[in-house]
Amino acid sequence: MNKFLYFANSATDAGAIPVSLLREIQISASSDLLRFKFKDVGDGIGQEISISCSTTEDKADKVVSSIANEIEFGTNPFIVIADEINNEFIHPDLLSVDTSISLT
Amino acid sequence: MSNSDPTIFVNPSSSSTDNGRYFRSSTICGIEVTTTNDLKIYFKSAKESDTSDAAFVRRANDDSTAKDPRSIIETIVRDLNNNKRHEIVLGDDFSEKYIHPDVLSVTSVTAPSSTTTIIGTTSVSGDFSAASDVTLGDANSDTVRINGYQINGKITETDKDVQSFTLTAAEFKTGIVVHTSVTGAGVVTFDTGANFVSGLGMSQDDVATCLYINDGNQNVTLNGGTPAGVTYVNNPTIAAGSAATLVVRRTGTNAVSVYIV
């Protein structure tokens, strides 16, 4: 299954990226931010796509666990990580998308 | 037997299928919207250095505000994973078939670039060669350091056995001009600024150098005439048996300054 992770800030700033390009999910030092790092789609060496989402402090691990479970066992190829338009998030402790969804 | 990798068709031409493009669905590396009416889908290209970008026009709300793009994107992802389909038409302006009612037309399919961008500190432990232009650094504050013996390759020689002549960009580009000055005091006139800019492929403030050697028996001045777009900054007389370094700097669209060192 070719699964995609979906992020939406607004109706003019949204996107989906294949799970296969996801390389790392990093918890920030203040424990209230998740940084999704994807392989750069243009293969610029030393570049990456980075999307940050706010979480409840010290709950990021729970959010990542939900994401990992959906990636591994979910049956829906369209995985909504954060959709601010429809106020839908993969976990109640994932609160918002903090960066623009810029794939290139 | 399905391999769950349907072929995707995109055609931006309304008059034919001449510009139609097929992609493997597994090469999709991103789907995004960035404005009220756009939808972009990126496909990993065969060159690996870039993506082929398919751009579409999507429907806005009746009040011209941007419509939630989720339905379109979700439809695309679900269709990609529909094992019963071997081909998916994302958008075809010729047959006017689109994957979703909110996709209105195909704007373009952009071919990938061959440029590979390297960000951050990079070291190459073996020999490095490039078959095309190379840019190192991007500003005066950037340091370009060569920790080895420097060789300027592909330098050839332009030979002039005349009293005076016009130095063209092509001759300058050879790297060395040997002028066997004869008869009387000589004058070298530079080609126009436009010809130097285009001939040397110079960007603003680019600098190019060339060695001038007067191995004749006459003095020569190097600020001949008034070529368009050329400013002679200085003008030492190059005596018989002497040499100088000619430096050209692009100062405008079709303008260069010439420094004689």
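Just so we're clear, the structure is a prediction, and the values are computed from it rather than from any experiment. Within each chain, residue numbers correspond to sequence positions counted from 1 in written order. As they are written, the chains are lettered A onward and the ligands numbered 1 onward, keeping that order. The model is predicted, so local features are restricted to residues of pLDDT at least 70 and side-chain atom pairs to those at 80 or more, both for listing and for counting; the totals for chains, interfaces and linings are taken over all residues. Note: side-chain values were computed over all heavy atoms of the structure, leaving out hydrogens and water.

Caption draft 1: Geometry of the overall build of chain A. Think of it this way: any DSSP run of H or I at least four residues long counts as a helix, any run of E at least two long counts as a strand, and we number them from the N terminus. The number of helices and strands found in chain A is one helix and eight strands. Secondary structure elements of chain A, listed N to C terminal, follow the sequence β-β-β-β-β-α-β-β-β. Here chain A has a C-alpha radius of gyration of 13 Å; the compact-globule value for 104 residues is 13 Å, and the two agree. By its C-alpha atoms, chain A is 35 × 30 × 25 Å across when sized along the principal axes. Only heavy atoms matter for contacts: two residues are in contact if any of them lie within 4.5 Å across the pair. Within chain A, contacts between residues at least 6 apart in sequence are counted, and of these 53% link residues at least 24 apart. If you sum the accessible surface of chain A, you get close to 4,500 Å²; carbon and sulfur atoms cover 45% of it. Counting 7 positive and 16 negative side-chain charges, chain A places the centres of these two groups 6 Å from one another. Each radius of gyration is computed over the set of C-alpha atoms, and the globule rule expresses the reference value as 2.2 Å times the number of residues to the power 0.38. Per-residue and other accessible areas were derived by the Shrake-Rupley procedure at a 1.4 Å probe size, with only the shown protein chains allowed to occlude residues. In this tally, Lys and Arg are treated as positive and Asp and Glu as negative; His is ignored, and so are the chain termini. In plain terms, the charge of a residue is placed at NZ if it is Lys, CZ if Arg, CG if Asp and CD if Glu.

Caption draft 2: Inspection of the interface of chain B and chain A at higher detail. At the junction of the two partners, chain B supplies 33 residues and chain A supplies 32 residues. For the pair chain B and chain A, the summed buried surface comes to about 2,400 Å²; carbon and sulfur atoms form 55% of the total. When two components associate, each loses some accessible surface as probed by a 1.4 Å sphere; the sum of these losses over both components is called the buried area. On the chain B side of the interface with chain A, the three residues burying the most area are Cys29, Arg70 and Asn81 of chain B, jointly 23% of the side's total. Any Lys or Arg side-chain nitrogen located within 4 Å of an Asp or Glu carboxyl oxygen qualifies as a salt bridge. Counting across the interface, chain B meets chain A through two salt bridges. Its salt-bridge partner being arginine 70 of chain B, residue glutamate 88 of chain A comes within 2.9 Å of it at the nearest N-O pair. Think of a polar contact as two N or O atoms within 3.5 Å of one another; within protein, one of them needs to be a possible hydrogen donor and the other a possible acceptor, and neighboring residues in sequence only count if both atoms come from side chains. Here chain B is connected to chain A by ten residue pairs in polar contact (both at pLDDT 80 or more). Listing elements by their share of the side of chain B that touches chain A, those giving two or more residues are strand 3 (28-33), strand 4 (38-44), strand 5 (51-58) and helix 1 (70-80) of chain B.

Caption draft 3: Up close: the layout of surface pockets. All names here are of chain B. In this structure, the largest pocket occupies an estimated 1,500 Å³ of space. Around the largest pocket, the lining is made up of 33 residues, and of these Val134, Leu136, Gln150, Asn152 and Val207 lie nearest the centre. Contributions of two or more residues to the lining of the largest pocket are made by helix 2 (169-173), strand 11 (175-179) and strand 13 (207-214). Per-element accounting of the lining of the largest pocket gives the leading share, five residues, to strand 13. Only Asp, Glu, Lys and Arg are considered charged in this grouping, and only Ala, Val, Leu, Ile, Met, Phe, Trp, Tyr, Cys and Pro are considered nonpolar; every other residue, Gly among them, is considered polar. By residue class, the composition of the lining of the largest pocket is 17 nonpolar, twelve polar and four charged. Roughly 1,100 Å³ of internal volume is contained in the second largest pocket. Only protein atoms enter the 1 Å grid used here. Points where a 1.4 Å probe fits but cannot escape make up a cavity, open sets with protein on both sides within 12 Å along at least five of seven lines make up a pocket, and a residue lines them when an atom lies within 4 Å of a point. Grid points are joined across faces, edges and corners, and a volume is the space filled by probe spheres set on the points.

Caption draft 4: Quick look at the sheet that holds strand 10 (residues 165-167) of chain B. One bridge is not enough; two strands pair if DSSP finds at least two bridges between them. Taken together, three strands build an open sheet; the order of strands is 10-12-14 (chain B) and the sheet is parallel. A single partner strand is all that each edge strand has here, and the edge strands are strand 10 and strand 14 (220-221) of chain B.

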